[in-house]
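Examining the three-dimensional arrangement
Here is what each chain is made of, one letter per residue.
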Amino acid sequence: MIIYHNPRCSKSRQTLALIEAKGIEPSIVKYLESPLNKSMIKDLLTKLNVEVRAIMRSGEDAYKELNLSNTELDEQTLINAIVEHPKLLERPIVVKGNKAIIGRPPENVLALL
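Residues numbered from 1 in each chain as written. Predicted model: local features only at pLDDT ≥ 70, side-chain atom pairs only at ≥ 80, totals over all residues. Heavy atoms only, no water.

Here we look at empty space enclosed by the protein
Under the definition given, this model contains one cavity of 30 Å³ or more. Volume-wise, the largest cavity comes out at about 40 Å³. Along its surface, the largest cavity is lined by Tyr 31, Leu 36, Ile 41, Ile 82, Pro 86 and Leu 89. In terms of residue class, the lining of the largest cavity is made up of six nonpolar, no polar and no charged. (1 Å grid on protein atoms, 1.4 Å probe; cavity = no way out; pocket = protein on both sides within 12 Å on 5 of 7 lines; lining within 4 Å. Points joined across faces, edges and corners; volume = space filled by probe spheres on them. Nonpolar A, V, L, I, M, F, W, Y, C, P; charged D, E, K, R; others polar.)

Quick look at the structure:
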């Protein structure tokens, strides 16, 4: 199990605590320190079975500054924005095998456990 984690985020901390309370020690990827590349993001999208906008934090300054709400932007442009601005990635994302889930709310992760 892998958690893409931001320790400063309360939801991310709560999700990690839920996982650990079940006796699981996940691999923790602090994605702000070790940003994801394009192929990693595409892999997450496949495992989540969502479009790229579903994993983007639309409240971030970079989202507004880069006009990422523009519906004419293609998937590759949005993925590139996440690569360049890791804060845009929704958090936390938990992966187990070929499945992934966004831990918002943290209880969502229970479906993977």
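Comments concerning the pairing of strand β1 (residues 2–5)
In terms of strand pairing, β1 meets strand β2 (residues 27–30) through four bridges, oriented parallel. Across the sheet, residue His 5 finds its bridge partner in β2, namely Lys 30. Handedness of the β1-helix α1 (residues 10–21)-β2 crossover: right-handed. Sheet analysis places β1 next to strand β3 (residues 93–96), joined by three bridges and oriented antiparallel. By the bridge assignment for β3, Ile 2 is matched with Val 95. (Pairing = 2+ DSSP bridges. Helix = DSSP H or I, 4+ residues; strand = E, 2+ residues; numbered from the N terminus. Right-handed = clockwise from strand over helix to strand, strands pointing away.)

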